[in-house]
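Coordinate inspection notes
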Amino acid sequence: MPLFGKKTKGKTTKLFFVTDVHGSQSTFRKFVNAGKFYEVDVLVLGGDIAGKMVVPILDLGGGAYRATIQSITHELDGADEVAEFEKRAAKLGSYTAVVTSDEYKELAADASRVDDLYHRLATERMRQWIEFAEERLAGTGIRCYITGGNDDSPDILEPLIAHDGTSVIDCEDKTIVIDDDGHVMLSLGLSNPTPWDTPREVPDDELARHIEGIVAGVDDFSRAIFNFHAPPQDSTLDTAAKLDWTTDPPKVVTSGGTPVMYGAGSAAVRAAIEKYQPLLSLHGHIHESRGQTNIGRTVAVNPGSEYGEGVLRGAIVTIAGDTVDNVQLTSG
Amino acid sequence: MATPDDKTQPQVFVRKASGLIRTAGTWDILAYNINFTSIGLLLLFLFLFGPAFYPGASLPWAAVICVICLIPLALVYGYLASAMPRSGGDYVYVSRVLGPAIGMMSNWNMTMWWFFYGGVPSAFLARYGIAPLFRTMGIYTGNETLTDIGNWFTTKIGTFVLGACLIVLLIVIFSIGTKTYFKLQNILILFAVASTVVTVAVFIGKVPADTISAFNEHLREVSGKAIPSAYVAASAKEAGYTGLAPTSLFWTLMVMTWIYLNLSFMSSSAYIGSEVKNARKLQLWSMPATLFIVGFGVLISTWVIDAAVGYDFLAQLGWADPTGLGLESTPVFTELASYVANNIWIAFIILFGFIFWSYAWLPGQLLNGSRNIFAYSLDGLLPKWFKQVSPRFSTPVNSLLTMGIASIVALGIYVFTDLFSTLVGIFGFILSFIVISIAAAVLPYRLKDVFETSAVNQRIAGVPVITIIGILSVIAQGFMAWVFLRDPSAGLNGNPEMVWFNVIVFLSGLVVYYVAKFVQRSRGVDVDLSFKQVPEE
């Protein structure tokens, strides 16, 4: 057996898989540009596209503004500084809104208004990203498949679902042939329950039913790719700190100063991989559990996520026929 | 409309989304770092070797200067961990900032020294953990068998057998999963802390005459000497000890090596990867705070033990031949405390608890080393065999096995040969610390985006604070490298072969990197892509 893996022979498909970009402008733009940079045939974004926070920029009048990010309050002078701040916030995955003091107070007092604002900004960013990707990938022949994740509510995904372009393709709940070598990708954005009660999480038995629904039309799993947002349970791709679900936000459970770690993945996803043994299984969801493992014949990957630092974590995977030739984890 | 006088501090609106968690408690982060500095072992070395072999060294001043030298390094780790909180340690920091070849070189060097140091704390278990417990219990109960067992553990074969058993046990436990270990360790560390607290408490209010009297009383029978302390004084004089020397700056600096040995590992929390809110505040203060707390503990202990035992008697013990006392090795400060306690149960608490300080580095070393090996394999820099995970336990068994075998070999070399002194590899670690400090200094210029969007985007007179800290750390660690090169006990002074060995180990990562790159290129894989920055525009 070759020490570093098999030497690639014959016809291959090279895909670049990324997940959990969480609104980060910088990370998404890198993801799209990675197609040419890594010379891949296919780009796959495995869910959790939406950001997590809205940063209000307080308009103090007279060209003065104030905003807080990363626990530091910034005094901004003029439109240029505001634009620069917004750019920085977008890199981190945050949405921004310039508001008056009264508007800020109204938002702070009414969670439903914040929710509306968030959804409007997140949907708008989704729309911009699709346009950007179509423009960048035009004429390259690179296809970009995107699925939602448990954090992406249906309305935020609407621009993607409604999109009818040549390069950007919504792949959720679908079985899609990704190359002319018969490789099919089955995608699912749901996750097993989390402490955050996110928009698209379901109990494991329901997740199992969704999976059975997707795999129903596939006869040959030797060239199948599972693109399931939730990682398989106890696979090393799902190792996370145990959380106390009774606090808001949840609190890390520690013992003697050490975080207690456990497998937070989905039992249903694991059972499906063990049962169907696809060629490749792509996952995200647990940002800190970057890695690669084998479950039977299946090569399972979680590239992790560092969207908050504008770092693009990903995996370049080369497949040929019914084998995975190489997996290279990247940090760009 | 608001006005510029408006005092409203706008807060971000956070949506309920996965990954957002309450910060790990500040005390938890601190405890995590303090665990890895092992204050018990630090004190043991300081009192075992300081007064005897560093004539005129001021232990309190050594602790203070060492803490000062380590503050920039603590801040380097703190700032890097704040800038890249989820990257999980220096391998990624350096690879991103200075490129994958330098990242591999720096981290491979550390991994190699984790290999060598796998042997050192496993030997400490027998020498400073089990042996003092057994022989002191033997002395208290008059049971010679217990004393003999204790003495056997200080022999080379006893030390090797027990150390190898400990390594095998830990590798088996880690291969099954770390949960069991951490549960157990969290209880055991309480015994260790209790040991140190009781030791200091026993010494408080005592003077050297009390300690020497207790020493004589407890060792009279086993040594067969009417006044064992008189034997110690005579034996030390015969060996060349001439009494306490006047305070010396040079020896004060030299004795820092033993403090640095433990304190330099105060940055463990940088490796806790998770989405920590307020990472900036937490990571930034937890590492310097660890330094101050442990440094303060050392400072207090040096005063208490100087007052209760006296550096003169500690120095005499260091020079004297212990076999004349019926012991195979010099009694350590915990044994002295157990004599002073004059109570078998208190003695047991001190010496049983100290067992868990004695090997405290080993679990972290085995885990860190195996994680590094696993990461190199994941990045295609080592054969894929190293990244294989146990299907049953989901643990990286092959990298753990590699670490275990390497540690047992290192234990054998440490115990049966004179090739490696306890301190010799710390010089190697310092070389990596310097590279990490350089990475911090140039981060704002090499990874502009990461710096500008980070929480540590701070400047003084236009110069990034992280750059200033990085430069100060290079200077401070460079100074410590000089100290290690000069200290006669560090194994490098007058031993150019060992200096070269350190340099070769340091550079060996480059060889591994370029060999892997060549092999991977022949397969059509470009390993440089793993850390290459993808353009955003």
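The following refers to the structure shown.

A look at the overall build of chain B
- Scanning chain B from terminus to terminus reveals 22 helices and 3 strands.
- Its C-alpha atoms give chain B a radius of gyration of 25 Å, within 12% of the compact-globule value 24 Å for 537 residues.
- Oriented by its inertia axes, the alpha-carbon framework of chain B measures out at about 85 × 65 × 45 Å.
- Across the 537 residues of chain B, 64% fall into the buried class.
- Restricting the contact set of chain B to residue pairs at least 6 apart, pairs at least 24 apart contribute 82%.
- For chain B, the accessible surface area stands at approximately 19700 Å², while carbon and sulfur atoms represent 68% of it.

Here's the deal with the pairing of strand β4 (residues 64–69) of chain A
All names here are of chain A.
- Along β4, 6 of the 6 residues are buried, which leaves the element largely enclosed by surrounding structure.
- Residues Ala64, Arg66 and Thr68 line one face of β4 and the alternating positions Tyr65, Ala67 and Ile69 line the opposite face, and both faces are buried.
- The pairing of strand β3 (residues 53–61) with β4 spans 3 bridges and is antiparallel. Note on β4: the bridge partner recorded for Asp59 is Tyr65.
- Hairpin connection, β3 to β4: the antiparallel pair is bridged by 2 residues, and Gly62 has positive phi, about 65 degrees.

Section: the environment of Phe221(A)
Residue and element names in this part refer to chain A.
- For Phe221, the position within the fold is in the loop between α6 (204–215) and β11 (224–228).
- The spacing of Phe221 and Ala67 is 154 residues in sequence and 51 Å in space, taken between C-alpha atoms.
- If we skip the residues at most four places from it in the chain, Phe221 touches Val215, Phe226, Tyr276, Gln277, Pro278, Leu279 and Arg297.

A closer look at the nonpolar core
- Counting 176 residues, the largest nonpolar core has Phe203(B), Tyr260(B) and Phe484(B) as its most contacted members.
- The element that contributes the greatest number of residues to this core is helix α5 (residues 100–141) of chain B, accounting for 22 residues.
- Setting aside anything within four residues of it in sequence, one finds Tyr260(B) in contact with Cys66(B), Leu70(B), Leu73(B), Ile426(B), Ile430(B), Phe433(B), Gln477(B), Met480(B) and Phe484(B).
- Val18(A), Val40(A), Val114(A) and Leu137(A) belong to the second-largest nonpolar core, a separate cluster that totals 45 residues.

Some thoughts on the packing of aromatic side chains
- Across all of its chains, the model carries 53 aromatic pairs over all chains by this definition.
- Considering the side-chain rings of Phe226(A) and Phe228(A), the 4.5 Å spacing of their centres and the 20 degrees angle between planes classify their relative orientation as stacked.
- Summarising the aromatic geometry, the rings of Tyr241(B) and Trp319(B) are spaced 6.4 Å apart at their centres and angled 35 degrees between planes, so their arrangement reads as tilted. Separated by 78 residues along the polypeptide, Tyr241(B) in the loop between α10 (228–239) and α11 (249–254) and Trp319(B) in helix α14 (residues 311–319) bring together distant segments of the chain.
- Connected via pairs of aromatic rings, a cluster forms that spans Phe45(B), Phe49(B), Phe53(B), Phe124(B), Tyr128(B), Tyr241(B), Trp258(B), Trp319(B) and Trp361(B).
- The positively charged end of Lys242(A) is found above the aromatic ring belonging to Tyr262(A), 5.7 Å away from the centroid.

Some details on the packing of helix α4 (residues 90–98) of chain B against helix α19 (residues 426–446) of chain B
Residues and elements named next belong to chain B.
- Where α4 meets α19, the closest approach of the two axes is 9 Å, and the angle between their N-to-C directions is 50 degrees. Looking at the two axes, α4 sits oblique to α19. You can see that α4 and α19 cross each other, and the crossing is left-handed. Between α4 and α19, the contacting residues are Asp90, Val94, Val97 and Leu98 on the first element and Val435, Ile436, Ile438, Ala439, Val442, Leu443 and Arg446 on the second.
- Here the residues of the contact of α4 with α19 are counted per class, giving 9 nonpolar, no polar and 2 charged.

Some thoughts on the environment of Tyr445(B)
All names here are of chain B.
- Mapped onto the elements, Tyr445 comes out in helix α19.
- Between the C-alpha atom of Tyr445 and that of Val97, which follows or precedes it by 348 residues, the distance is 9.1 Å.
- Sequence-distant contacts of Tyr445, that is, excluding residues within four places in its chain, are made with Pro464 and Thr467.

Comments concerning the sheet that holds β11(A)
Residues and elements named next belong to chain A.
- With mixed pairing, the 6 strands of this open sheet are ordered in space as β9-β10-β11-β18-β20-β19. Across the chains shown, the open sheet's two edge strands, defined by having one partner strand only, are β9 (175–177) and β19 (291–295). Adjacent strand axes in the sheet meet at a mean angle of 20 degrees, parallel and antiparallel pairs treated alike.
- Where strand β18 (residues 280–282) lies against strand β20 (residues 298–302), 3 bridges are found, and the strand directions are parallel. Bridge pairing in β20 places Leu280 opposite Val299.
- Lying on the sheet, α6 is in contact with β9, β10 (184–188) and β11; it crosses β10 at an angle near 155 degrees.
- This element, helix α7 (residues 267–276), spans β11, β18, β19 and β20 of the sheet and lies at about 180 degrees to β11.

Procedures and definitions
Residues numbered from 1 in each chain as written. Chains lettered and ligands numbered in written order. Predicted model: local features only at pLDDT ≥ 70, side-chain atom pairs only at ≥ 80, totals over all residues. Heavy atoms only, no water. Helix = DSSP H or I, 4+ residues; strand = E, 2+ residues; numbered from the N terminus. Rg over C-alpha atoms; globule rule 2.2 N^0.38 Å. Buried < 20%, exposed > 50% of the residue type's maximum accessible area, 1.4 Å probe, protein only. Contact = heavy atoms within 4.5 Å. Areas by Shrake-Rupley, 256 points an atom, 1.4 Å probe, with all protein chains shown as cover. Pairing = 2+ DSSP bridges. Core = buried A, V, L, I, M, F, W, Y, C linked by side-chain atoms within 4.5 Å. Phe/Tyr/Trp six-rings, centres within 6.5 Å; stacked < 30°, edge-to-face > 60°. Lys NZ or Arg CZ within 6 Å of the ring centre and 35° of its normal. Axes fitted to C-alpha atoms, helices over the stretch in contact; angles between N-to-C directions. Parallel < 35°, antiparallel > 145°, perpendicular 65-115°, else oblique. Left-handed = near helix turned anticlockwise from the far one by under 90°. Nonpolar A, V, L, I, M, F, W, Y, C, P; charged D, E, K, R; others polar.

From the geometry alone we can't say anything about function, so treat these as descriptive.
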